[in-house]
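# Structure assessment
The residues making up each chain are set out below.
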Amino acid sequence: MTREIHHFVNGETFKGSSGRFGDVFDPNAGEVQARVQLATSDELSRAVEIAKAAQPEWAAVNPQRRARVMYKFKALLEEHMDELAWLLSSEHGKVIADARGDVQRGLEVIEFACGIPHLLKGDYTEGAGPGIDVYSMRQPLGVVAGITPFNFPAMIPMWMFGVAIACGNSFILKPSEKDPSVPVRLAELMKEAGLPDGVLNVVHGDKEAVDAILTHPDIKAVSFVGSSDVAQHVYSTGTAHGKRVQAMGGAKNHGIILPDADMDQVVNDLVGSAYGSAGERCMALPVAVPVGDDTADRLIDKLLPEIEKLQPGASTDPDAAYGPVVSAAHRERVENYIQMGVDEGAELVVDGRGFTLQGHENGFFIGPSLFDKVTPDMKTYNEEIFGPVLQIVRAKDLEEAARLPSEHQYGNGVAIFTRNGLAAREFASKVNVGMVGINVPIPVPVAYHTFGGWKRSAFGDTNQHGPEGVKFFTKIKTVTQRWPSGKVDDQAFVIPTMQ
């Protein structure tokens with residue numbers, strides 16, 4: 001009998017009654033390994049009611065005690081790291097090393113959330129007027145929600161619920177139905193760490209659950225990561241229903257390569273960032289922009305032998321460069337983009353289509369692909385492929401190279417490779433992109449900074465995790481106080497005037 005994955009509500013497994021299920025595949029074998037329940041809007045509402053009932057008592061717990069829960073959860077994550085990585089890998093397909101990295105980057109946000117007593121401190125002004133002091137405090141919003149993608153089933157949920165819960169909110173997590181087991185396991189570990197029942201709830205679902213989250217009056221904020229079209233829908237629908245929304249979308253990150261760059265480093269970084277995790281990362285580096293034809297030719301000469309060494313393999317194979325993509329539909333999508341690139345006139349230097357792995361012939365594998373002479377008018381350049389495909393766009397000078405990411409519809413991340421400090425400094429200052437790496441191919445900020453792109457890579461005014469995450473999941477209350485001198489009587493407080 002196929003295993004069933006259920007919701008986690010009020011500290012326990014909740015078997016929904018919708019009768020609807022989604023298939024959870026083993027990407028290595030191409031076979032269904034489990035079925036995940038898909039919630040109805042009524043089941044989502046039940047989870048919200050439970051979260052709403054649990055939130056006031058949790059918010060009343062002082063920040064230091066909330067931080068202790070986060071400390072215990074961090075220790076449990078470290079204790080269960082291998083278990084989580086193997087579980088994640090079995091449903092997503094990324095190799096174990098990448099799966100451990102997925103958990104580790106989420107753990108680092110939990111470490112940041114352990115400092116919540118300091119992060120929630122407000123401001124105080126003594127003597128703002130005659131006998132008047134003014135102070136502010138940060139308070140939780142209430143019930144908040146997160147809608148997370150398949151490509152980071154551990155990290156991104158922890159980016160969201162770690163900060164939100166530490167701030168005193170209760171949380172509804174709607175993870176991807178493609179790899180739902182790790183989010184449930186994280187909720188179980190949060191309970192083991194001492195989190196009260198009802199504060200963190202995991203509700204699986206599809207569009208019905210998403211729309212229920214976006215329109216439910218008791219959900220005060222929604223954090224989302226996914227494709228840009230869906231992010232725009234989430235932002236517009238959520239804000240139309242009075243919610244605070246941060247919605248992170250797609251990306252097309254560029255790596256600018258100047259003639260003076262260390263080409264060995266560039267090639268090593270490009271191979272890892274373009275093909276690692278089968279390219280299923282919004283901070284992958286799928287576009288290389290060498291400046292000058294000589295730079296481009298040297299880059300390709302060094303890239304080709306390294307790409308030939310890349311061996312996709314089963315996610316449990318420690319020697320595999322990367323594993324399968326998440327589904328058959330996604331493999332078909334990526335291969336369609338490769339054909340589109342050929343049809344558009346780009347030069348397909350390495351073709352990864354048709355790759356099969358012995359013993360895993362039905363797995364969702366794609367070999368690495370490389371395009372040269374891609375141009376900005378091509379659809380394959382303008383859209384996110386989200387697979388193991390690297391495109392080379394040649395530029396004649398740095399000005400042209402910098403214009404490419406600045407004018408692209410996406411603005412998540414960009415990197416520049418050079419030994420020229422002045423060029424790097426000017427580029428970082430002026431490029432129209434949210435996150436910049438200088439000789440760093442995947443410039444994801446550390447947990448105590450903040451993550452967020454520009455343009456169609458992000459909708460909303462607040463980034464994820466770090467101080468911006470605390471800001472997103474709290475509201476400011478400002479108090480102006482004056483204490484009368486002498487005997488206290490029933491005189492009404494009069495707001496001071498200029499007279």
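Residues numbered from 1 in each chain as written. Predicted model: local features only at pLDDT ≥ 70, side-chain atom pairs only at ≥ 80, totals over all residues. Heavy atoms only, no water.

Looking at an unreviewed UniProt entry, one finds the chain named methylmalonate-semialdehyde dehydrogenase (CoA acylating) and attributed to Marinicauda salina.

### With respect to the packing of aromatic side chains
Operational definition: To pair, rings of Phe, Tyr and Trp, with the six-membered ring standing in for Trp, must have centres within 6.5 Å; the planes then decide the type, stacked if under 30 degrees apart, edge-to-face if over 60, and tilted in the middle. Secondary structure is summarised from DSSP: a helix means a run of H or I of at least four residues, a strand means a run of E of at least two, and numbering begins at the N terminus for each. Only protein chains enter the accessibility calculation, which uses a 1.4 Å probe. A residue is then buried if its area is under 20% of the maximum for its type, exposed if over 50%, and partly exposed in between. Ring-over charges, as used throughout, are those where CZ of Arg or NZ of Lys falls within 6 Å of the ring centre and within 35 degrees of the ring normal.
Within the structure shown, the criterion is met by 10 aromatic pairs. The interplanar angle of 50° and the centroid separation of 6.1 Å between the aromatic rings of F73 and F161 together place this pair among those described as tilted. Pair noted here: F73 is in helix 2 (residues 63-79) and F161 is in helix 6 (residues 155-166), with a separation of 88 residues, a long-range link. F161 shares its class with F73; the two are buried. Here a set of aromatic residues connected by ring pairs shows up, and it is made of F73, F161, F171, F472 and F473. Against the face of F21 rests R35, its NZ or CZ located 3.8 Å from the ring centre.

### Details of the environment of P56
Relative to the helices and strands, P56 is located in helix 1 (residues 41-60). Between the alpha carbons of P56 and I392 there is a distance of 54 Å; along the sequence they are 336 residues apart.

### Structural notes on the sheet that holds strand 7 (residues 132-140)
Applied cut-off: A pair of strands counts as paired when DSSP detects no fewer than two bridges linking them. Note on definitions: angles span 0 to 180 degrees between N-to-C directions of axes, and those axes are lines fitted to C-alpha atoms, for helices only across the stretch in contact.
Spatial strand order, 6-7-23: three strands in an open sheet with antiparallel pairing. The outermost strands of the open sheet, each flanked by one partner alone, are strand 6 (124-129) and strand 23 (474-482). Between one strand axis and the next, the sheet turns by 30° as a mean value, whatever way the strands run. As paired elements, strand 6 and strand 7 share three bridges and run antiparallel to each other. Bridging from a neighbouring strand, T125 pairs with V134 of strand 7.

### Notes on the sheet that holds strand 17 (residues 389-392)
Note the following rule: Contacts between residues were defined by any pair of non-hydrogen atoms, one from each residue, lying within 4.5 Å.
With respect to topology, seven strands assemble into an open sheet ordered 15-16-17-14-13-19-20, the strand pairing being mixed. Each end of this open sheet is capped by a strand with a single partner; those strands are strand 15 (347-350) and strand 20 (435-438). Here the strands of the sheet are splayed against their neighbours by 20° on average, with no regard to which way each runs. Summarising the sheet, strand 13 (residues 254-257) and strand 19 (residues 413-417) pair through four bridges and their orientation is parallel. Among the inter-strand pairings, I257 is bridged to a residue of strand 19, identified as F417. Strand contacts of helix 15 (residues 421-430): strand 13, strand 19 and strand 20, with the helix running at about 165° to strand 19, the strand carrying the most contacts.

### Topic: the pattern of salt bridges
Rules: Here, a salt bridge means any side-chain nitrogen of Lys or Arg that lies within 4 Å of a carboxyl oxygen of Asp or Glu.
Counted according to the given criterion, the structure contains 27 salt bridges. Residues E4 and R35 are paired through a salt bridge, measuring 3.1 Å at the closest nitrogen-oxygen approach. Remark: R35 occurs in strand 5 (residues 31-37) and E4 occurs in strand 1 (residues 3-5); sequence separation between them is 31 residues. Accessibility expressed as a relative area gives 28% for E4, which makes it partly exposed.

### Some remarks on unusual backbone geometry
Phi is positive for N10, close to 60°, though the residue is something other than glycine. Relative to the helices and strands, N10 resides in the loop between strand 2 (7-9) and strand 3 (12-14). The phi angle at N439 is positive, at roughly 60°, despite the residue not being glycine. Classification of N439 by relative accessible area gives partly exposed; the value is 28%.

### Describing the UniProt feature "domain: Aldehyde dehydrogenase" (unreviewed entry) in the chain
The following threshold applies: UniProt positions are given in the numbering used here, feature names are shortened, and annotations may be inferred rather than shown by experiment.
Per the UniProt record, "domain: Aldehyde dehydrogenase" (unreviewed entry) is annotated on residues 21-479. Annotated as 42% helix and 20% strand, the span residues 21-479 places its first and last C-alpha atoms 50 Å apart.

### Description of the packing of helix 3 (residues 81-92) against helix 4 (residues 96-113)
Applicable threshold: Orientation labels follow simple angle bins: below 35 degrees gives roughly parallel, above 145 gives roughly antiparallel, 65 to 115 gives roughly perpendicular, and whatever is left gives oblique. With the far helix as reference, a near helix turned anticlockwise by less than a right angle produces a left-handed crossing, and one turned clockwise produces a right-handed crossing.
Between helix 3 and helix 4, whose axes approach to 8 Å, the crossing angle comes to 120°. Taken as axis vectors, helix 3 and helix 4 run oblique relative to one another. Considering only the axes of helix 3 and helix 4, their crossing is right-handed. Contact residues: M81, D82, L84, A85, W86, L88 and S89 in helix 3; I96, A99, R100, D102, V103, Q104 and L107 in helix 4.

### Thoughts on the side chain of N253
Inspection of the secondary structure puts N253 in the loop between strand 12 (244-248) and strand 13. Once residues lying within four places of it in the same chain are set aside, the contact partners of N253 are C282, M283, A284, L285, P286, V287, N412 and G413.

### A word on the domain arrangement of the chain
For an interface, size is often stated in terms of accessible area lost upon the parts coming together. What counts, and what does not: The split into domains, and so the bounds of each, comes from an automatic or database assignment of domains. Using a 1.4 Å probe, buried area is obtained as the accessible area two parts lose upon being combined, added over both of them. N or O atoms closer than or at 3.5 Å make up a polar contact, with two conditions inside protein: a donor-capable atom paired with an acceptor-capable one, and, for residues adjacent in sequence, both atoms drawn from side chains. All amino acids are sorted into three groups, where Ala, Val, Leu, Ile, Met, Phe, Trp, Tyr, Cys and Pro are nonpolar, Asp, Glu, Lys and Arg are charged, and the leftover types, Gly among them, are polar.
Each assigned domain of the chain is listed with its residue range as follows: domain 1 (3-249 + 453-479) and domain 2 (254-438). Placing a centre on the C-alpha atoms of domain 1 and another on those of domain 2 gives a separation of 31 Å. Between domain 1 and domain 2, the contact holds 25 residues from the first and 35 residues from the second. Note on domain 1 versus domain 2: buried area summed over both sides is about 2300 Å², and carbon and sulfur give 55% of it. Among the residues domain 1 hides against domain 2, the three largest losses belong to N28, W454 and K455. Together they make up 26% of the total. In this structure, the connection of domain 1 to domain 2 is made through zero salt bridges. Counting every contact that joins domain 1 to domain 2 gives 16 residue pairs in polar contact (both at pLDDT 80 or more). Elements represented by at least two residues in the side of domain 1 that touches domain 2 include exactly strand 4 (21-26), helix 3, helix 4 and strand 21 (454-455). The biggest single contributor to the side of domain 1 that touches domain 2 is helix 3, with four residues. Residue composition of the side of domain 1 that touches domain 2, by class: nine nonpolar, nine polar and seven charged.

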